[in-house]
Structure formats: C-alpha cells, structure tokens
Amino acid sequence: MCPQKQWSIEQHLVESTTSVLHEQIHQKHYTVPQHSPLPEINVCYAVDKPTQSFLKHPQTGSCQNVTSNTTCCSECVGLGPDRYNQLYAAYAWMTAATVIPGGYFVDRVGNRVSAIMSTCVAWLGTSLFALTVTGHIRGSSVMFPLMFCSRLLLGAGTGTALIVQDRILGTWFADNLSIVFSINVVALRLGNVSNFLLTANIANWIGFTWALWVGAALCSTAVLSAVFLSVLELYGKKNSDKKLTSIPDLSEEPVTLSRQIKNIRLLPKTYWLLCVTAVCYYSAYLPVISNGSKYIQDRYGYSKTTAAYYVGAVYDVSIIIPPFLGLLLKKFRCTGLLLSCSAILTAPVYLLLSYCSSIHPLVLTIYLGITYTTFAVCVWPCFAMLVQPDTFGTAAGIAIFMQSGGVGMTNLAVGKIMGTTESSDTIELLSKYRIVFWVLFTLSVLSAVFSVATNMADSRQNKLNSIFMKDPVPIEINDETSSLLPHPRTESRTVST
Ligand SMILES: C[C@H](N)C(=O)N[C@@H](CCCCN)C(=O)O
C-alpha cells in the first residue's frame, strides 16, 4: 500500500543532528497549539504548551537547598502533571457545560452585551490565574484552587465568546459568509501561532509571573474589542439603509426559553446532520494535534522540537489558504460540497500516518492542514446558512456542546488505548498507535458519510450549495416574532427594509 523506503540508521542520525540545529532556531516555537475562539481571546490562555514547563516542573521556589545533581527551576510552581492536566480538563468541561446556556444567553441579550460579558469573564479568568503565581499566593495552599477557578472562568468566557463571534459574522455578513469565516479562521490560527511564539520567550525574558500578567493585559484587548464592536453594531443598526439582522433588540419581543425550544425543534435535519459531521471530524482531528508531536517522535525518530514544528505546520497552512478558499466559495457557492470533499480527503491521512513511514510526516501534516482548514472554513458558515441569527446562539451552543463531548470521549478513548504508562517496547507502542489511528480513521469516515448525508438532505433547498439554486429566493427579513424563516439563507440575499 505504501512506497517502501526504509530510513537507514545514518539517515536518522542526520535527521537528529539537523533537528538539534532546529532546536536552537525554533526552541519553544511550535509546541502543540490548542484551539481557541476569538483571536484576542487566544492570548487569554494562562495555561498553554509554552508555559507548561514552568507549571509542571516538580522543583519549586528558591534553589538554595537543591543538590548539585538536581535540576532547579526557581520560576516554577510545581503543579506536577496530574494537577496540570486538571487545569486543562477544568477548561474543557466548563466550556462544554456553559455553551448551551451561554448560547441561549447570547440569543436573549444580543451580540453587544454577550460579547462584552463573555470577554470580561475570560479576562477575569486570565487575571486571576496570573494573580495565583504572584506574591504570597504563589506556592500557598490556595494557589491551585484559585488556578482551577480561573480556568473555569476562562472556559465559560471563551466558549460563549466563540458563539458570539460566529453569530456576529452570520448576522452582519450574511452576503459574504465564506469570506468572513475564512478570515476568522486565519485570525484564530494567527492567535495560536503568535501565542506560542511569544509566551515562552516573554517568560524567559521577564519571568513567568510577568509573562502571565502580560497575557492578562493582552486579554483585556478582547474586552476593548467587544466594546468597540458594540459601538459599531449600534451605529450600524441606526444608520444602515437595510435591516441587517433579524435579531430582536431588547425593545422588541425578547427571546424566551419556550420560543427557543420551539425554534430548536424546528431546526432542519440538515442542522443535526451537520452537527454530527462536525463532532466526528473534530473528534478525529484534535487528538492528532494533541498527540501528533509525541507520535512523530516515536514513529519517525525526530526530536521533540522538530516533531512539534511538523505538527505546527497544520496551523501554518491555516493562516495561508483560508482567504483563497473564501474567494473560491464566494464565486462558486458550493460550501456543502467542499465540506464533503474536505471530510472525504481527510480520512486517508490517519492510515498514511500509521502505515506509511516512508512518507515524510511534514508532507502528511501539511496535507492535513489543507483538508482541516477547508473543513473549518466550510463547516461554520454552514451553520449560519441553516439557522436564523435569533436562534444561532442556542443552536451553535448545542453544536459546540456535542463537539466538546465527542472530542472529550475520543481523548479518553485514546488515553485508554495508550495506557496510563507509556510502553517501553517500541513494537507494542506502535501497535497501540495503530489502534488509535484506526479509531480516528473510522470517525473521519463517519464525518465524510454524514457530510454527504447533509448535502443530500439539503438538496431540495440548496441552502449550502446555492450554485444549484434555480431561482435564488430573496430572503425576506420579516418581523422578529416569526421563528425560523422558510427561505434558505444564501450568499446572495435581498432584505426587506
Ligand atoms: C475546539 C473549538 N470548540 C472549535 O470548534 N474550534 C474551531 C473553531 C472555528 C470557529 C470558526 N468561527 C476551530 O477549527 O478552531
């Protein structure tokens, strides 16, 4: 199945030598980035890969009583791996727990209030985390509980902020969904990459504590952006010559729970099929991002830095190609079809990573970057095309809740397969990786199947592929009391005044 090319020992030695050079150049660069919503929020992460060494290192505080043969880290706070990973879990599960009520909250109070409140909560979380490693709190018995609380706040804030972000794009740019969502993916990934380029270097330059405070200060730009956005939205709604949104202002009929429940029940089948498509895709893709660096070290023999650099290539691609994809979709208006193509073309990469060591891992990570980026640029605008803005928050909350649940379960499954302690036998280790890749491949195939089912379910109205629409139906933004408009939302729309 794969072109057979055995890497000789010499080749591995050459590779490991050059990777040492890489180490000098790219130290602390591409460790595994994590997904994050609003680009400004991205600097809100207090716990991320570049700072993990300061957090996990067992040695804490001053180094006076450290014996010569013990590594010392006066900056470190000594959480250890278990408590460090509890901070990640706190964030992930809080995001999942809050996105549904958060999405309803967004629909109820509108973009402006929810944008400001969600970014304030995230900023509070980041600031609290910085406080925990400052002064007398650092190393005290309350440090970790406060850290844990800060991660809960961050999870609640960023999860809701992600929904607000997409709702604003879907509300204000319904005529250019592909373009704006592709730019959004670029902003997200720029946030990831800049976060990993800056955080560790700042920590090394002015110390870990100050690095976290710099992060908290940068996170405040998310709040300032939300305030500026709110001013713009107010101005836009008062001065625009067309009704840009069907979202009721507070002065109009408020969004009620019963109305939202009715609207959710009225959501088309395509929405639910799209949710499953996204769940399966991200459940397969994200574990590769989080475990890819270690796998590349174990499977191909690269250094930690080189391996992380190769995994980071996924995000390099995500910074470059989205605008081109957005322009392509704007012209051909076949978002649903491209979604299926990306899902189908992603599936083989999991088996190639597992079985074809003769293919350079960088080739496969760049390939994954292209298919993932195409999928991300397509899937989120599809939600905006299927759901009206006044229900989008609740609907997006359900979608992200399902996605978080799927990703969480897949990560647990991967952990169970790999075992609590890493196998020292390479053959056994690689056979465990192979099982993992078969699980991810299966999820990816399911994602492709459900993406095709989504397009088939949409084929009557062609909301996702308006290129096939015979006579584009003008979108009438009628009174806000109606629930879901019968008309499909397409890239080209006519709105009533
Ligand atoms: C993991 C997180 N919930 C997520 O889905 N991240 C997506 C968000 C893309 C948002 C586009 N408006 C990603 O691909 O990073």
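Definitions and limits used
- Residues numbered from 1 in each chain as written.
- Predicted model: local features only at pLDDT ≥ 70, side-chain atom pairs only at ≥ 80, totals over all residues.
- Heavy atoms only, no water.
- UniProt positions renumbered as here; feature names shortened; annotations may be inferred.
- Axes fitted to C-alpha atoms, helices over the stretch in contact; angles between N-to-C directions.
- Helix = DSSP H or I, 4+ residues; strand = E, 2+ residues; numbered from the N terminus.
- Parallel < 35°, antiparallel > 145°, perpendicular 65-115°, else oblique.
- Nonpolar A, V, L, I, M, F, W, Y, C, P; charged D, E, K, R; others polar.
- Polar contact = N/O pair within 3.5 Å; in protein donor to acceptor, adjacent residues only side chain to side chain.
- Buried < 20%, exposed > 50% of the residue type's maximum accessible area, 1.4 Å probe, protein only.
- Arc of directions from axis to C-beta.
- Domains from an automatic or database assignment.
- Buried area = accessible area lost by both parts, 1.4 Å probe.
- Salt bridge = Lys/Arg side-chain N within 4 Å of Asp/Glu carboxyl O.
- Left-handed = near helix turned anticlockwise from the far one by under 90°.

Named according to an unreviewed UniProt entry, the protein is Lysosomal dipeptide transporter MFSD1 originating from Mizuhopecten yessoensis. If you open the UniProt record of the protein and go to Subunit (unreviewed entry), you find "Homodimer. Interacts with lysosomal protein GLMP (via lumenal domain); the interaction starts while both proteins are still in the endoplasmic reticulum and is required for stabilization of MFSD1 in lysosomes but has no direct effect on its targeting to lysosomes or transporter activity."

Our next topic: the packing of helix 5 (residues 111–132) against helix 8 (residues 208–239). Packing of helix 5 against helix 8 brings their axes to within 8 Å, and their N-to-C directions diverge by 175°. Classified by the angle their axes make, helix 5 and helix 8 are roughly antiparallel. Looking at the contact of helix 5 with helix 8, its residues break down into 18 nonpolar, 7 polar and 3 charged.

Moving on, we come to the side chain of T391. As for its position among the elements, T391 is in helix 15 (residues 389–418). Within the structure, T391 has its side chain in polar contact with the side chain of N263 (distance 3.1 Å).

So, about unusual backbone geometry. Phi is positive for R333, close to 45°, though the residue is something other than glycine. According to the relative accessible area criterion, R333 is partly exposed, its value standing at 26%. Residue N462 is not a glycine yet carries a positive backbone phi of 55°. Counting through the fold element by element, N462 comes out in the segment after helix 16 (426–458).

Listed as buried for helix 9 (residues 257–266) are R259, Q260, N263 and I264. Projected down its long axis, helix 9 carries its buried residues within an arc of 135°, all on one side. Opposite the buried face of helix 9, by more than 90 degrees, sit the exposed residues L257, S258 and R265.

Segmentation of the protein into domains returns domain 1 (77–244) and domain 2 (263–467). The straight-line distance from the C-alpha centre of domain 1 to that of domain 2 is 23 Å. Of the roughly 2400 Å² buried between domain 1 and domain 2, counting both surfaces, carbon and sulfur atoms make up 76%. For the domain 1 face of the interface with domain 2, the top three residues by lost area are I100, S178 and R189, together amounting to 20%. Applying the counting criterion to the domain 1 and domain 2 interface returns 0 salt bridges. At the junction of domain 1 with domain 2, the criterion picks out 6 residue pairs in polar contact (both at pLDDT 80 or more). Broken down by class, the residue content of the side of domain 1 that touches domain 2 amounts to 14 nonpolar, 7 polar and 5 charged.

Where helix 13 (residues 335–355) meets helix 16, the axes come as close as 8 Å, and the angle between the chain directions of the two elements is 165°. If you check the angle between helix 13 and helix 16, you find them roughly antiparallel. The two elements helix 13 and helix 16 cross, and the hand of that crossing is left-handed. Each residue belonging to the contact of helix 13 with helix 16 can be placed in one class, and the counts come to 17 nonpolar, 8 polar and 1 charged.

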